[in-house]
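# Commentary on secondary and tertiary structure
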Amino acid sequence: MKNMNIVLHEPEIPFNTGAIGRTCVATNTRLHLIKPYGFILNSKNIKKAGMDYWEHLQLKEHLSYEDFLKDIAEEQNSISAPKIWYATTKAKRTYTEVSFSENDYIMFGKESAGIPEEILVENEEHCIRIPMLEEARSLNLSNSVAIILYEALRQQDFMSLKKEGALHRLHWKEEQ
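Here we summarise the structure given alongside this text. (Residues numbered from 1 in each chain as written. Predicted model: local features only at pLDDT ≥ 70, side-chain atom pairs only at ≥ 80, totals over all residues. Heavy atoms only, no water.)

On to the overall build of the chain, then. What the chain contains, in helices and strands, is five helices and six strands. The secondary structure elements of the chain, listed N-terminal to C-terminal, are β-α-β-α-β-α-β-β-α-β-α. The globule rule puts the C-alpha radius of gyration for 176 residues at 16 Å, and the 17 Å found for the chain is close to it. With respect to the three principal axes, the spread of C-alpha positions in the chain is 60 × 45 × 40 Å. Buried positions account for 42% of the 176 residues belonging to the chain. Sequence separation of at least 24 residues holds for 76% of the intrachain contacts in the chain that already meet a minimum separation of 6. Counting 21 positive and 26 negative side-chain charges, the chain places the centres of these two groups 6 Å from one another. (Helix = DSSP H or I, 4+ residues; strand = E, 2+ residues; numbered from the N terminus. Rg over C-alpha atoms; globule rule 2.2 N^0.38 Å. Buried < 20%, exposed > 50% of the residue type's maximum accessible area, 1.4 Å probe, protein only. Contact = heavy atoms within 4.5 Å. Lys, Arg positive; Asp, Glu negative; His and termini not counted. Charge placed at Lys NZ, Arg CZ, Asp CG, Glu CD.)

Listed below in C-alpha cells is the structure:
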C-alpha cells in the first residue's frame, strides 16, 4: 500500500509531535523524525497527545537531513528521486497550488525556526505555504501538518481512508 510521508525536521515540542503521530496513524501516513529532538522521544507528553495510537505509528528516525535524503533514496530504489515538499511561511506559493502524489514527503521545520533556509534555498520550487494574515507569524505545527496532509489526501480521493461514518445509537434517515 502506498503512503504519504510527513517529515519533522528537528521537532522541539513533544505534544505537537504526539498529535502529529496520531494524525499519521489515522491517515496511514508514515512519520519521519530528523534528529536532534528537543525532547526525549518516549516522554509522557508524546504518549498523552498520541494517546493509544502511538504504538501503531509507522515511525522512521533519521540522524540528520543528509541521512534522511540517503535513507529515502535507498528506500525508493528507483532512478527518480521522491518528491519532497517543504512547508514554510517563507514560500512564494500555497499548498493548494501544487499536485501531491502518493509517496510524496511533506517536511515541516521546528516550531521556533522552521526548516533551515539553506535547505529552502536549494528547493525553492518545492516550497509551499499556508495562507494567513501578514501579522501572524505561523500556525501551530500539528495544525499545519493536518491542513496540508489532508489536502494531499483529498487530491488522491483519500486513498483507502473511510469516507463515511455511522451513528452509534441512532441511524441516519434514508434518502428518498
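With that out of the way, let us pick up the pattern of salt bridges. Where side chains of opposite charge bring their charged atoms close, a pairing between them can arise. For the structure shown, the criterion picks out seven salt bridges. With its nearest N and O atoms 2.9 Å apart, the salt bridge here joins lysine 92 to glutamate 124. Of this pair, lysine 92 sits in the loop between β4 (84–87) and β5 (105–108) while glutamate 124 sits in the loop between α4 (117–122) and β6 (127–128), placing them 32 residues apart in sequence. The residue aspartate 157 makes a salt bridge to lysine 163 at a minimum N-O spacing of 3.1 Å. With relative accessibility at 52%, the residue aspartate 157 sits in the exposed group. (Salt bridge = Lys/Arg side-chain N within 4 Å of Asp/Glu carboxyl O.)

Our focus in this paragraph is the pairing of β4. Put simply, side chains in a regular strand alternate between the two faces of the sheet. Burial of β4 is two-sided: the residues Ile84 and Tyr86 facing one way and the residues Trp85 and Ala87 facing the other way are all buried. In this structure, β4 lies alongside β5, joined through four bridges in parallel fashion. Among the inter-strand pairings, alanine 87 is bridged to a residue of β5, identified as phenylalanine 108. Direction of pairing for β4 relative to β6: parallel, over a ladder of two bridges. Within the sheet, the bridge partner assigned to alanine 87 lies in β6 and is isoleucine 128. (Pairing = 2+ DSSP bridges.)

Moving on, we come to the environment of phenylalanine 100. The residue phenylalanine 100 is located in the loop between β4 and β5 in this model. Along the primary structure phenylalanine 100 and histidine 126 are separated by 26 residues, whereas in three dimensions their C-alpha atoms are 11 Å apart. Phenylalanine 100 has contacts with Trp85, Tyr95, Ile106, Ile128, Ile148, Glu151, Ala152, Gln155 and Gln156, leaving out every residue within four places of it along the chain.

This next bit is on the packing of aromatic side chains. This model, assessed by the stated rule, comprises five aromatic pairs. Both rings, one in tyrosine 37 and one in phenylalanine 39, keep their centres 5.8 Å apart while their planes meet at 15 degrees; by these two values the pair is stacked. Assessed through its relative accessible area of 18%, tyrosine 37 is described here as buried. Residue phenylalanine 39 is classed as buried on the basis of its relative accessible area of 13%. Three or more aromatic residues joined by ring pairs form one cluster here, namely Tyr65, Phe68 and Tyr105. (Phe/Tyr/Trp six-rings, centres within 6.5 Å; stacked < 30°, edge-to-face > 60°.)

What follows covers unusual backbone geometry. The peptide bond linking lysine 35 to proline 36 adopts the cis configuration, its omega dihedral lying at 5 degrees. By the element assignment, proline 36 lies in the loop between β2 (30–34) and α2 (44–50). Phi is positive for glutamate 10, close to 55 degrees, though the residue is something other than glycine. A positive phi angle, near 55 degrees, is found at aspartate 157, a position not held by glycine.

What follows deals with helix α3 (residues 65–76). Across its twelve residues, α3 extends 17 Å between first and last C-alpha, which sits within 8% of the 16 Å expected from 1.5 Å per residue. Listing the buried residues of α3 in full gives Tyr65, Phe68, Asp71 and Ile72. Taken down its axis, α3 places every buried residue within 120 degrees of arc, on the same side. Facing away from the buried side of α3 by over 90 degrees, the exposed positions are Glu66 and Glu74. In the core, the buried residues of α3 are packed alongside β1 (5–9), β2, β3 (59–62), β4, β5 and α4. (Expected span 1.5 Å × (residues − 1). Arc of directions from axis to C-beta.)

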